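Below are the chains, spelled out letter by letter.
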Amino acid sequence: MINVGLYYRVKEGHEKEFEETFSKVVSILKNSDIGFIDAKLYKRVDDPREYLIYSEWKDLESFKKFILSKDYKETTTYGKTILEGRPYHKIFQEINT
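Note that residues are indexed from 1 along each chain, following the sequence as it is written. In keeping with the predicted nature of the model, local features appear solely for residues at pLDDT of at least 70, side-chain atom pairs appear and are counted solely at 80 or more, and the whole-chain, interface and lining totals rest on all residues. Values shown for side chains rest on all heavy atoms present in the structure; no hydrogens or waters enter the calculation.

1. As for the UniProt feature "domain: ABM" (unreviewed entry) in the chain
UniProt's feature table lists "domain: ABM" (unreviewed entry) at residues 2-91, given in the numbering used throughout. In this text, helices come from DSSP runs of H or I with a minimum length of four residues, and strands from runs of E with a minimum of two, each type numbered from the N-terminal end. Between the C-alpha atoms that bound residues 2-91 the distance is 7 Å, and the span itself is 38% helix and 31% strand. UniProt positions are given in the numbering used here, feature names are shortened, and annotations may be inferred rather than shown by experiment.

Below, the structure written as structure tokens:
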């Protein structure tokens, strides 16, 4: 299993929209068979326009396959309308198994 931290800064006034979109996307991913396990959304305490999506994936290949998918590309195209700057992600692997 791997974990991916996806970091976003949302344009002012789009916070609720971002949070609702996250919920919809997670629901879709949970009902697919692509290696997605779960995700949680976090909002930065001292800057409520910054978010972290912490997601769990079966393996690195599953995540890579997802970010090359049509659905991911459509989501990122939409995201450009409500995000400030370019989002980024970091991939982690649990070591205390």
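2. With respect to the environment of aspartate 46
Tracing the chain through its elements places aspartate 46 in the loop between strand 2 (36-43) and strand 3 (50-57). Accessibility here uses a 1.4 Å probe with only protein chains present; expressed as a share of the type maximum, an area under 20% marks a residue as buried, one over 50% as exposed, and anything in between as partly exposed. For aspartate 46, a relative accessible area of 60% gives the class exposed. A polar contact of 2.6 Å, which involves the side chain of aspartate 46, links it to the side chain of arginine 44. Pairing of N or O atoms within 3.5 Å defines a polar contact, subject to two protein rules: one partner must be a possible hydrogen donor and the other a possible acceptor, and residues neighboring in sequence count only if both atoms are side-chain atoms.

3. Re helix 2 (residues 60-67)
Regarding helix 2, the residues found buried are Ser62, Phe63 and Phe66. Angular distribution of buried residues about the axis of helix 2 spans 95°; they occupy a single face of the element. Residues Glu61 and Lys65 are exposed on helix 2 and point more than 90 degrees away from its buried face. Among the structural elements, strand 1 (2-9), helix 1 (15-30), strand 3, helix 3 (70-79) and strand 4 (88-93) are those in contact with the buried residues of helix 2. This arc is taken over the directions from the axis of the helix to the C-beta atoms. The criterion used for residue contact is that any of the two residues' heavy atoms lie within 4.5 Å.

4. Some words on the sheet that holds strand 2
Read across the sheet, 4 strands follow the order 2-3-1-4 without closing on themselves; strand pairing throughout is antiparallel. Either end of the sheet is taken by a strand with one partner, and the two such strands are strand 2 and strand 4. Each neighbouring strand pair of the sheet contributes to a mean axis angle of 20°, computed without reference to strand direction. Judged from the 6 bridges that link them, strand 1 and strand 4 form a sheet pairing that is antiparallel. Pairing of asparagine 3 across the sheet is with phenylalanine 92, part of strand 4. This element, helix 1, spans strand 1, strand 2 and strand 3 of the sheet and lies at about 170° to strand 2. Pairing between strands requires that DSSP locate at least two bridges from one strand to the other. Every angle, taken between N-to-C directions, lies between 0 and 180 degrees, and every axis is a line fitted to C-alpha atoms, over only the stretch in contact when it is a helix.

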